[in-house]
Amino acid sequence: QVQLVESGGGLVQAGGSLRLSCAASGSIFSINVMGWSRQAPGKQRELVAVSSLDGRTNYADSVKGRFTISRDNAKNTVYLQMNSLKAEDTAVYYCYCNTRTLGVRNYDDYWGQGTQVTVSS
């Protein structure tokens with residue numbers, strides 16, 4: 001199995017920055033996509049940013065130009081640098097990875113427990 005551990009969430013004022021980290025561990029053979037999603041109270045979970053193994057990235061329109069996703073493949077870790085934070089960025093942020101584990105041919109999605117980000121206005 002694969003475990004994802006997120007860190008870096010917290011309380012920040014509007015206009016501030018936070019950096020989230022997520023480290024994957026376990027019986028990992030290969031990680032394809034790593035990414036972040038978020039869920040605000042009373043809202044559906046939305047995809048924030050993804051990073052493919054080939055280096056491509058994609059962002060939600062609401063965070064383009066403010067958030068940057070990056071990954072360290074040697075450490076099986078994905079990061080989310082969040083700048084110019086707004087109150088509407090307040091949510092629980094979840095990391096995920098699309099991973100092939102040892103002895104398994106398919107790729108499956110694994111999710112972290114989530115980390116709270118609160119932006120005060």
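The structure contained in this document is the topic of the report that follows. (Residues numbered from 1 in each chain as written. Predicted model: local features only at pLDDT ≥ 70, side-chain atom pairs only at ≥ 80, totals over all residues. Heavy atoms only, no water.)

## Looking at the nonpolar core
Part 1: By size, the foremost hydrophobic cluster in this structure holds 30 residues, and its most contacted members are Trp-36, Leu-80, Met-82 and Tyr-93.
Part 2: The set of elements that each furnish at least two residues to this core consists of β1 (2-7), β3 (18-26), β4 (28-39), β5 (46-51), β7 (67-72), β8 (77-82), β9 (91-101) and β11 (115-120). (Core = buried A, V, L, I, M, F, W, Y, C linked by side-chain atoms within 4.5 Å. Buried < 20%, exposed > 50% of the residue type's maximum accessible area, 1.4 Å probe, protein only. Helix = DSSP H or I, 4+ residues; strand = E, 2+ residues; numbered from the N terminus.)

## Section: unusual backbone geometry
Part 1: The backbone of Asn-76 shows a phi angle near 50°, a positive value even though the residue is not glycine.
Part 2: Accessibility expressed as a relative area gives 23% for Asn-76, which makes it partly exposed.
Part 3: You will see that Ser-84, though not glycine, has its phi angle at about 50°, which is positive.
Part 4: Locating Ser-84 in the fold gives a position in the loop between β8 and β9.

## Quick notes on the sheet that holds β7
What links the strands of a sheet is backbone hydrogen bonding, and the strands pair in either a parallel or an antiparallel sense.
Part 1: Taken together, 4 strands build an open sheet; the order of strands is β1-β3-β8-β7 and the sheet is antiparallel. Among the strands making up the open sheet, the edge pair consists of β1 and β7. On average, each strand axis in the sheet is tilted by 15° relative to the strand beside it, whichever way the strands run.
Part 2: Of the strand pairs in this sheet, β1 and β3 are connected by 6 bridges, and their pairing is antiparallel. For Val-2, the partnering residue across the bridge sits in β3 and is Gly-26. (Pairing = 2+ DSSP bridges. Axes fitted to C-alpha atoms, helices over the stretch in contact; angles between N-to-C directions.)

## Observations regarding the pattern of salt bridges
Part 1: Applying the stated criterion across every chain, the model contains 5 salt bridges.
Part 2: Note that Asp-54 is salt-bridged to Arg-56, the shortest N-O span being 2.8 Å.
Part 3: A relative accessible area of 52% places Asp-54 in the exposed class.
Part 4: Relative accessible area serves as the criterion here: at 57%, Arg-56 is assigned to the exposed category.
Part 5: The partner of Arg-66 in a salt bridge is Asp-89, with the nearest N and O atoms 2.7 Å apart. Of this pair, Arg-66 sits in the loop between β6 (57-59) and β7 while Asp-89 sits in the loop between β8 and β9, and the two are 23 residues apart along the sequence. Of the two residues, Arg-66 and Asp-89, both sit in the buried class.
Part 6: Bridged by salt links that share partners, the residues Arg-38, Glu-46, Arg-66 and Asp-89 form one connected network. (Salt bridge = Lys/Arg side-chain N within 4 Å of Asp/Glu carboxyl O.)

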